[in-house]
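Each chain, written out:
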Amino acid sequence: MTASLPPAPTPGSTATGLGSSHVLLTGGTGFVGQAILERLLSTHPDTTVTLLIRPKAGTPALGRLRHLLKKPVFATWRDRVGPAEVERALTERLRVVESSLGSLPALPADLDVVIHSASTVSFDPPIDQAFDTNVGGAVGLYEALRAAGGDPHVVHVSTAYVGGIRKGVFPEAALTHDVDWRAEHAAARDARARVEAASRQPETLRKFLAEGRAGHGKTGPQAVAAAAEEARVAWVKDRLVDYGRTRAETLGWTDVYTLTKAFAERAAEELWAADGHRLSVVRPAIVESALRHPFPGWIDGFKVADPLIMSYARGLLPEFPGVPDSVLDVVPVDYVVNVILAVAANPPGGPAEREGLGEAGGADAVAAPPEPRYFHVASGNSNPFPILRMFDNLKTFFTANPLPRDEHTSIPVPTWKFPGVRKVEGAIRTAQRANDWREKVLTRLPSNARTRTALTDVQTRRGDLESLQSLTDLYRHYVQSEIIFDDRRTRALHDGLPGGSPADIGFDVTDIDWEDYFQTVHFPSITAMTRAFSVRPAAGAAVVDDRPLPRRDDVVAVFDLEGTVVDSNIVEQYLWVRSNGFRKAAWPGEVASLLTGLPAYLRAEGRDRGEFIRAFLRRYSGMPVSRLAGVVRSGGYAETVRRHTLPQAVARIAEHRAAGHRTVLVTGSIGTLAAPIADLFDEVVASTMHERDGVLTGYLAQPPLVDEARAAWLRQYALERGIDLSASYGYGDSHADLAWLELVGNPSAVNPDANLAREALRRRWSIRDWARARSTSAATTGGTTRKGDGKQV
């Protein structure tokens, strides 16, 4: 298809009204779609609008429409017409077709105009999703329109960047590629099945399992399985995103978004225009906040340029991967809407075009099926705004209005030198490697407040670097673009507006003062939308819930023993037993044996807490039960346990008992060893050892209650006793405690290891640093509010 040049405009030749047209609008809940709907309601009062809306999260389409009309974009219209007129519009002017584009029901046959503005809003979705939304949605719409039997004028909203990766002027005309879009759509759908199958191959699954065990082995097998499946799903998504990005670039487009928008245009041409129907294609560039209507600065969420803007303001873009003389082709959303509605009111073959044909065209020219028309809504050709100028505006605004770092300091903004994309990407990779190395070191150090603060910094830094890498990947082509969008047809349409037309229905981009737009409209709008100038808590900062405990009798407070209540572990407990129950002559051999087995114990602990407990408790093999009981009752062992009991733990236990909560001590070790502090709790749940003829065999009588086994016990415990876990409390110190801590509504990580600290920071759990007791009577100072039964299970 070839496009003729626009006719010379005559003032007044461009119609501005839609009269009593019946308009079908897709994408009406999106950014541009909302603005179109507002204009139809406020400026075209005699139109009837049918909206295609899918139900979402249990809300029917009509409910979504009612909610939509309460949004800020409609505020001026609502205030002007009043509640009664809003309700009348809902019942008389607005109609809803509850469906998605992929499965359309029968459409009305009396449609006059169709404005198709629905599409994915992501540059980098998985390839199948991009094709199903942008291409499949367009195909479904045009097939439904053909089935309806009408002849509406279709305004197909595309993007100027369908021009692809190119240099120079891109005309307002049909694309010239010969790619088989149907074959590409089929291949994109097939990609999902192929990638899903590849993700389930044994060698791939083993990799996911290895990653799961490395990060979650101590939490339990279900946690490993969940992590492995999460990794598989993420792998599938990443592969499909890469499929889309790579396929787009091999065909000459910037990304899968512009590729599928280009194919959607071809579907419109072949399925609609080729049958003699009227088709106009509107191609906006980068759509940002409104200049005038419905009010200056109106925007609905972050748009294309905004992540870059806010990343700069937050100091996250130390350098920029763009070309300083590349044009940032921005256009306000109200200009885009004005073009769409002007195009809708002036269909191909209408009076405006017939006036330009003249007598030489003859009757045959008028009667011939009208060719599709293409309109670029862009600023780069008529009022260019290069990247360097954008940087000057950013620096000016955020130097005068810096974002707060905290209550006392502000974030300094960087000065870009534009070193080129390769150097920027190289610097990102170097910073990521350094950050990963720092994390490895920190996770091997003892966990304390300083290391947790450093780990928080590492996590924040990782997020910043990932965002920077993502921005670089997504915007690489856009910020290095040398394409210029011809806008002669759009300018001719504007020049044909009747004299005296209101300024807010125009779309002459040469009227835009970019410095004024960004400094007084757009930057203030997006910083207000994100509450950027509010001081927020530091991301990942440790929190402690110090609120008074509520009085309840359906709540349990579960305490881990080692590292949480007692500043010790089962190795130290074993040494305490040995030091109080055996002669000193046996010590050298015992210590040597312990040191010899230490590497194996450490490996077991790293893999699985239960495996470590089973392996270490074998050291009790051959010990008479009566001797162990005697040692535990002796003053030496009991006093040592109490001396290592943390005073803050004792106080917290007492607080829970005073509030009527049931307190339970849970340990994977032998319950006998916890006897000196059993009276602090209502109940002690612990392991027991198998014995034969009064002698310990070194084997456990049942699996130890650790990680997921403890979680299963807690669920059953709560079910049998009518406990409300969502209001209950848990205290643990190890990553192995994660499985059961996440069951309670009030988890606390006590002196946590690095991995639990990282999870607690991410989930905003309480982190408590409980110091070791200085007094030998620490465990008895808790003063139990009511006598515990000291029950051992």
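Our subject is the structure that appears above.
All figures in this text were calculated on a predicted structure; none of them were measured in a lab.

S.K.: Any chance you could explain the overall build of the chain here in plain terms?
M.R.: Scanning the chain for helices and strands turns up 26 helices and 20 strands. Seen through its C-alpha atoms, the chain measures out along the principal axes to roughly 120 × 55 × 55 Å. Split into buried and exposed, the 793 residues of the chain put 51% on the buried side. Partitioning the intrachain contacts of the chain with sequence separation of at least 6 by distance along the chain shows that 79% fall at a separation of at least 24. Summing over all exposed atoms, the chain offers an accessible surface of approximately 34,500 Å²; the carbon and sulfur share of this is 53%. Of the side chains in the chain, 92 bear a positive and 94 a negative charge, and the two mean positions are spaced by 9 Å.

S.K.: Help me out: how do you make sense of empty space enclosed by the protein in this one?
M.R.: Summary: where empty space remains is shown by rolling a probe the size of a single water molecule over the atoms. Taken as a whole and assessed by the stated rule, the structure comprises 9 cavities of 30 Å³ or more. Computed from the structure, the largest cavity encloses a volume of approximately 90 Å³. In terms of lining, the largest cavity is formed by Ala 305, Leu 308, Ile 309, Phe 320, Leu 328, Ile 387, Met 390, Leu 394, Trp 416 and Val 479. Elements represented by at least two residues in the lining of the largest cavity include exactly helix 9 (306-313) and helix 13 (387-400). For the lining of the largest cavity, the leading source of residues is helix 13, giving 3 residues.

S.K.: So what exactly am I meant to see when it comes to the nonpolar core here?
M.R.: The nonpolar side chains of a soluble globular protein tend to be buried with one another. In this structure, Leu 37, Ile 115 and Tyr 142 are the most contacted members of the largest nonpolar core, which totals 148 residues. The residues touching Ile 115, leaving out its near neighbours within four places in the chain, are Val 23, Leu 24, Leu 25, Thr 26, Ile 36, Val 155, Val 157, Ile 340 and Leu 341. Grouped together as the second largest cluster of nonpolar side chains are 48 residues, Val 566, Leu 628, Val 631 and Tyr 637 included.

S.K.: What should I look at first to understand the sheet that holds strand 10 (residues 373-377) in this one?
M.R.: The strands making up a sheet associate through backbone hydrogen bonding, with each pair oriented either parallel or antiparallel. Taken together, 7 strands build an open sheet; the order of strands is 3-2-1-4-5-7-10 and the sheet is parallel. Strands with a single pairing partner mark the edges of an open sheet, and in this sheet they are strand 3 (94-98) and strand 10. Geometrically, the sheet is characterised by an average inter-axis angle of 20 degrees between neighbouring strands, direction not taken into account. Running at roughly 135 degrees to strand 3, helix 2 (residues 61-68) makes contact with strand 2 (48-53) and strand 3 of the sheet. Of the strands in this sheet, strand 2 and strand 3 touch helix 3 (residues 75-93), which is tilted by about 55 degrees from strand 3.

S.K.: I keep staring at the packing of aromatic side chains and nothing clicks. Help me out?
M.R.: Each aromatic ring pair is specified by the distance between its two centres and by the angle formed by the two planes. Counted according to the given criterion, the structure contains 31 aromatic pairs. Their ring planes at 40 degrees and their centres at 5.8 Å tell us that Phe 398 and Phe 523 sit as a pair that is tilted. With Phe 398 in helix 13 and Phe 523 in helix 17 (residues 514-529), this residue pair connects regions lying 125 residues apart in the sequence. An identical accessibility class is assigned to Phe 398 and Phe 523; each is buried. Judged by centre distance (6.4 Å) and plane angle (65 degrees), the ring pair of Trp 576 and Tyr 637 falls under edge-to-face. With Trp 576 in helix 18 (residues 570-581) and Tyr 637 in helix 22 (residues 635-643), this residue pair connects regions lying 61 residues apart in the sequence. In textbook terms, an aromatic cluster arises when at least three aromatic residues are bridged by ring pairs, as seen for Phe 385, Phe 397, Phe 398, Trp 514, Tyr 517, Phe 518 and Phe 523. In this structure, Arg 489 packs its charged tip against the face of Phe 375, placed 5.8 Å from the ring centre.

S.K.: Please clarify how the environment of Pro 321 should be interpreted in this entry.
M.R.: By the element assignment, Pro 321 lies in the loop between helix 9 and strand 9 (330-332). The buried category is assigned to Pro 321, whose relative accessible area is 6%. Residues Pro 321 and Pro 599 lie 278 residues apart in sequence; the distance between their C-alpha atoms is 49 Å.

S.K.: Any chance you could explain the layout of surface pockets here in plain terms?
M.R.: Quantified by volume, the second largest pocket comes out at close to 1,400 Å³. Secondary-structure elements contributing two or more residues to the lining of the second largest pocket are helix 1 (31-43), strand 2, helix 4 (127-148), helix 8 (256-271), strand 8 (286-288) and helix 15 (449-475). Grouping the amino acids of the lining of the second largest pocket by side-chain chemistry returns 22 nonpolar, 19 polar and 9 charged.

S.K.: What exactly am I supposed to notice about the pattern of salt bridges here?
M.R.: The full count for this structure, using the stated rule, is 38 salt bridges. Between Asp 436 and Arg 462 there is a salt bridge, and its shortest N-O distance comes to 3.3 Å. Of this pair, Asp 436 sits in helix 14 (residues 421-444) while Arg 462 sits in helix 15, and the two are 26 residues apart along the sequence. Its relative accessible area of 35% is what places Asp 436 among the partly exposed residues. Given a relative accessible area of 24%, Arg 462 falls into the partly exposed group. Among the charged side chains, a salt-bridge network with shared partners connects Asp 128, Arg 192, Glu 196, Arg 200, Glu 229 and Arg 232.

S.K.: Would you mind going over the pairing of strand 18 (residues 746-750) with me for this structure?
M.R.: Residues in a regular strand project their side chains so that they alternate between the two faces of the sheet. Within strand 18, 5 of the 5 residues are buried, which leaves it mostly tucked inside the rest of the structure. What you see with strand 18 is no split at all: Asn 746, Ser 748 and Val 750 on one side and Pro 747 and Ala 749 on the other are buried throughout. Pairing analysis gives 4 bridges linking strand 17 (residues 729-732) to strand 18, with the strands arranged parallel. Each bridged residue has a counterpart across the sheet, and for Gly 732 the counterpart in strand 18 is Ala 749. With helix 26 (residues 754-763) bridging strand 18 and its parallel neighbour strand 19 (residues 766-768), the resulting β-α-β unit is right-handed.

S.K.: Explanation requested: helix 1 in the structure shown.
M.R.: Given 3.6 residues per helical turn, the α-helix brings residues three or four places apart onto the same face. For helix 1, built from 13 residues, the straight-helix expectation of 18 Å at 1.5 Å per residue is met to within 8% by its first-to-last C-alpha distance of 18 Å. Taken across its 13 residues, helix 1 has 12 buried, putting it largely inside the fold. Listed as buried for helix 1 are Phe 31, Val 32, Gly 33, Gln 34, Ala 35, Ile 36, Leu 37, Glu 38, Arg 39, Leu 40, Leu 41 and Ser 42.

S.K.: What's the story with the side chain of His 522 in this structure? I'm lost.
M.R.: Relative to the helices and strands, His 522 resides in helix 17. With a relative accessible area of 0%, His 522 lands in the buried category. In terms of polar contacts, His 522 uses its side chain to reach the side chain of Glu 288, at 3.4 Å.

S.K.: Sorry if this is basic, but what is going on with unusual backbone geometry here?
M.R.: Excluding glycine, a negative phi dihedral is what most residues carry, and trans is how most peptide bonds are arranged. Look at the link from His 293 to Pro 294: it is a cis peptide, with omega at 0 degrees. Within the fold, Pro 294 resides in the loop between strand 8 and helix 9. Unlike most non-glycine residues, Phe 418 shows phi in positive territory, near 50 degrees. Note on Phe 418: relative accessible area 15%, which makes it buried. One non-glycine residue, Asp 693, lies in positive phi territory at about 55 degrees.

S.K.: Before we go on, may I ask you to explain a nonpolar patch on the surface in this structure?
M.R.: A cluster of nonpolar residues, Val 591, Leu 595, Leu 598 and Leu 602, forms a patch on the protein surface that exposes about 350 Å² of accessible area. The residue Leu 602 is located in helix 19 (residues 587-607) in this model. On the basis of relative accessibility, which here comes to 55%, the residue Leu 602 falls in the exposed class.

S.K.: How should the packing of helix 15 against helix 26 be read in this particular structure?
M.R.: A packed helix pair is summarised by two numbers, namely the angle formed by the two axes and the spacing between the axes. The geometry of helix 15 relative to helix 26 is characterised by a closest axis approach of 10 Å and an angle of 60 degrees between their N-to-C directions. The angle between helix 15 and helix 26 places the two elements in the oblique class. Judged by the twist between their axes, the crossing of helix 15 over helix 26 is right-handed. Residues Arg 452, Leu 455, Thr 456 and Gln 459 of helix 15 form the contact with helix 26, whose own contacting residues are Ala 754, Ala 757, Arg 758 and Leu 761. Split by residue class, the contact of helix 15 with helix 26 holds 4 nonpolar, 2 polar and 2 charged.

S.K.: How should the pairing of strand 13 (residues 662-670) be read in this particular structure?
M.R.: Burial runs high along strand 13: 8 of the 9 residues are buried. The pairing of strand 12 (residues 556-560) with strand 13 spans 5 bridges and is classified as parallel. Directly across from Val 558, in strand 13, lies its bridge partner Val 664. In terms of strand pairing, strand 13 meets strand 14 (residues 683-687) through 4 bridges, oriented parallel. Along strand 14, the bridge assignment pairs Val 666 with Val 685.

Rules used throughout
- Position numbers for residues start from 1 in each chain and track the written sequence from start to end.
- It should be noted that, the model being predicted, local features are given only for residues of pLDDT at least 70 and side-chain atom pairs only at 80 or more, the latter also being counted only at that level, while totals for whole chains, interfaces and linings use all residues.
- Water and hydrogen atoms play no part in the side-chain values, which are based on all heavy atoms of the structure.
- The numbering of helices and of strands both runs from the N terminus, where a helix is a DSSP run of H or I of at least 4 residues and a strand a run of E of at least 2.
- Each residue's exposure class comes from its accessible area (1.4 Å probe, protein chains only) as a fraction of the maximum for that residue type: buried when under 20%, exposed when over 50%, partly exposed otherwise.
- The criterion used for residue contact is that any of the two residues' heavy atoms lie within 4.5 Å.
- In this description, accessible areas are obtained by the Shrake-Rupley approach with a 1.4 Å probe, and a residue is regarded as covered only by the protein chains that are shown.
- We score Asp and Glu as negative and Lys and Arg as positive, and we do not count His or the chain ends.
- The location of each charge is read from NZ of Lys, CZ of Arg, CG of Asp or CD of Glu.
- Method remark: on a 1 Å grid restricted to protein atoms, a set of points is classed as a cavity if a 1.4 Å probe fits but cannot get out and as a pocket if it is open with protein on both sides within 12 Å along at least five of seven lines; lining residues have an atom within 4 Å of a point.
- Grid points are joined across faces, edges and corners, and a volume is the space filled by probe spheres set on the points.
- In plain words, nonpolar cores are sets of buried Ala, Val, Leu, Ile, Met, Phe, Trp, Tyr and Cys residues tied together by side-chain atoms within 4.5 Å.
- Two strands pair if DSSP finds at least two bridges between them.
- Only the stretch in contact is used when fitting a helix axis, every axis being a line fitted to C-alpha atoms; angles between N-to-C directions are given from 0 to 180 degrees.
- Aromatic rings from Phe, Tyr and Trp, taking only the six-membered ring of Trp, are treated as a pair when their centres fall within 6.5 Å; an angle between ring planes under 30 degrees marks them as stacked, one over 60 as edge-to-face, and anything in between as tilted.
- Whether a charge lies above a ring is judged from NZ of Lys or CZ of Arg, which has to be within 6 Å of the ring centre and within 35 degrees of the ring normal.
- Each residue is assigned to one of three groups, with Ala, Val, Leu, Ile, Met, Phe, Trp, Tyr, Cys and Pro labelled nonpolar, Asp, Glu, Lys and Arg labelled charged, and all others, Gly among them, labelled polar.
- Basic side-chain nitrogens of Lys or Arg form a salt bridge, by our definition, when they fall within 4 Å of a carboxyl oxygen of Asp or Glu.
- A clockwise path from the first strand over the helix to the second, with the strands pointing away from the viewer, defines a right-handed crossover.
- Expected helix span is taken as 1.5 Å per residue step, with the number of steps being one fewer than the number of residues.
- Distance and chemistry together define a polar contact, namely a pair of N or O atoms within 3.5 Å, with one atom able to donate a hydrogen and the other to accept it when in protein, and with adjacent residues in sequence counting only for side-chain atoms on both sides.
- Candidates for patches are residues over 30% relative accessible area with no salt bridge; among them, like charges are joined within 9 Å and nonpolar side chains (Val, Leu, Ile, Met, Phe, Trp, Tyr) within 5 Å.
- For classification purposes, an angle smaller than 35 degrees is called roughly parallel, one larger than 145 roughly antiparallel, one from 65 to 115 roughly perpendicular, and anything else oblique.
- Working rule for handedness: look at the near helix, and if it is turned counterclockwise from the far one by less than a right angle, call the crossing left-handed; if clockwise, right-handed.

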